[in-house]
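# Structural overview for review
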Amino acid sequence: MASLNVGGLGEYLREQRRNAQLSLRQLADAAGVSNPYLSQIERGLRKPSAEVLQQVAKALRISAETLYVRAGILDAERDPQEWRREEATRAALLHDPTLTERQKQVLLQIYESFRKENGFEAARAGAVAQDADDDTQDAAAPGPHTADGGDVGPRPTVS
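None of the values given here were measured: they were computed from a predicted structure.

Basis of the calculations
- Residues numbered from 1 in each chain as written.
- Predicted model: local features only at pLDDT ≥ 70, side-chain atom pairs only at ≥ 80, totals over all residues.
- Heavy atoms only, no water.
- Helix = DSSP H or I, 4+ residues; strand = E, 2+ residues; numbered from the N terminus.
- Buried < 20%, exposed > 50% of the residue type's maximum accessible area, 1.4 Å probe, protein only.
- Contact = heavy atoms within 4.5 Å.
- Areas by Shrake-Rupley, 256 points an atom, 1.4 Å probe, with all protein chains shown as cover.
- Salt bridge = Lys/Arg side-chain N within 4 Å of Asp/Glu carboxyl O.
- Expected span 1.5 Å × (residues − 1).
- pLDDT = per-residue confidence, 0-100.

Moving on, we come to the overall build of the protein chain. For the protein chain, the count of helices and strands is 8 helices and 0 strands. In the protein chain, which comprises 159 residues, the proportion classed as buried is 40%. Long-range pairs, those at least 24 residues apart, make up 57% of the contacts in the protein chain between residues at least 6 apart in sequence. About 9100 Å² of surface is accessible on the protein chain, with carbon and sulfur atoms providing 51% of the total.

Following this line, the structure appears as structure tokens:
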């Protein structure tokens with residue numbers, strides 16, 4: 001395992017939080033962590049666990065793998081160009097001012113389901129058990145869901 005790069009992680013989290021237009025307190029509440037603890041992570045004073053990183057990633061609607069790599073928990077074993085393309089796609093969806101928050105969430109879920117269907121989920125390195133459990137539950141569902149778990153309709157069929 002690589003050494004933890006806590007300072008770089010904190011800067012990245014702060015940038016993502018600001019891009020999502022969330023205050024420190026709002027992100028802490030959404031991620032289920034304390035405000036002071038999240039502040040210490042952003043300032044590079046704390047080394048968060050994989051579980052905390054996963055909660056923060058979900059609250060920011062970014063890939064937990066991105067945070068694991070930034071924290072040095074995972075090595076970026078897959079093609080760096082593919083990794084940048086995936087993150088650029090997610091960022092474009094999240095920063096489109098013409099979409100509602102619900103629409104952004106649904107589009108991200110559809111995007112991820114298509115990536116899984118096309119075999120890109122297998123390319124993710126060193127999956128954390130909790131991530132795997134969440135992905136299994138999502139894959140078992142009949143179609144994409146909203147952030148609150150509601151069904152957004154049937155999955156499109158591909159001929």
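Let us look at the pattern of salt bridges. Scanning the entire structure with this criterion turns up 8 salt bridges. In this structure, the salt-bridge partner of Arg115 is Glu86, at a minimum N-O distance of 3.2 Å. Here Arg115, found in helix α7 (residues 101-117), pairs with Glu86, found in helix α6 (residues 80-94); they are 29 residues apart in sequence, far enough to count as distant. A relative accessible area of 9% places Arg115 in the buried class. Overall, the relative accessible area of 2% leaves Glu86 in the buried class. Salt bridges sharing partners connect three or more residues here, namely Glu86, Glu87, Arg90, Glu112 and Arg115.

Take α7 next. If you check α7, its first and last C-alpha atoms are 24 Å apart, about what 17 residues at 1.5 Å a residue would give, namely 24 Å. When we look at burial in α7, the residues that qualify are Lys104, Gln105, Val106, Leu108, Tyr111, Glu112, Ser113 and Arg115. Phi turns positive one or two residues past the end of α7, at Gly119, with a value near 90°.

This paragraph deals with the environment of Leu93. Along the chain, the position of Leu93 falls in helix α6. Taking C-alpha positions, Leu93 is 9.9 Å from Tyr111, a pair spaced 18 residues apart along the chain. Apart from the residues within four sequence positions on either side, Leu93 is in contact with Leu99, Lys104, Leu107 and Leu108.

For the protein chain, per-residue confidence averages 74 on the pLDDT scale, and residues scoring 70 or more make up 67% of the total. Across the protein chain, the element-wise mean pLDDT spans from 40 in helix α8 (residues 129-140) up to 95 in helix α2 (residues 24-31). Across residues 122-157, confidence stays below pLDDT 50; counting only partners more than four residues off in sequence or on other chains, it has 46 contacts.

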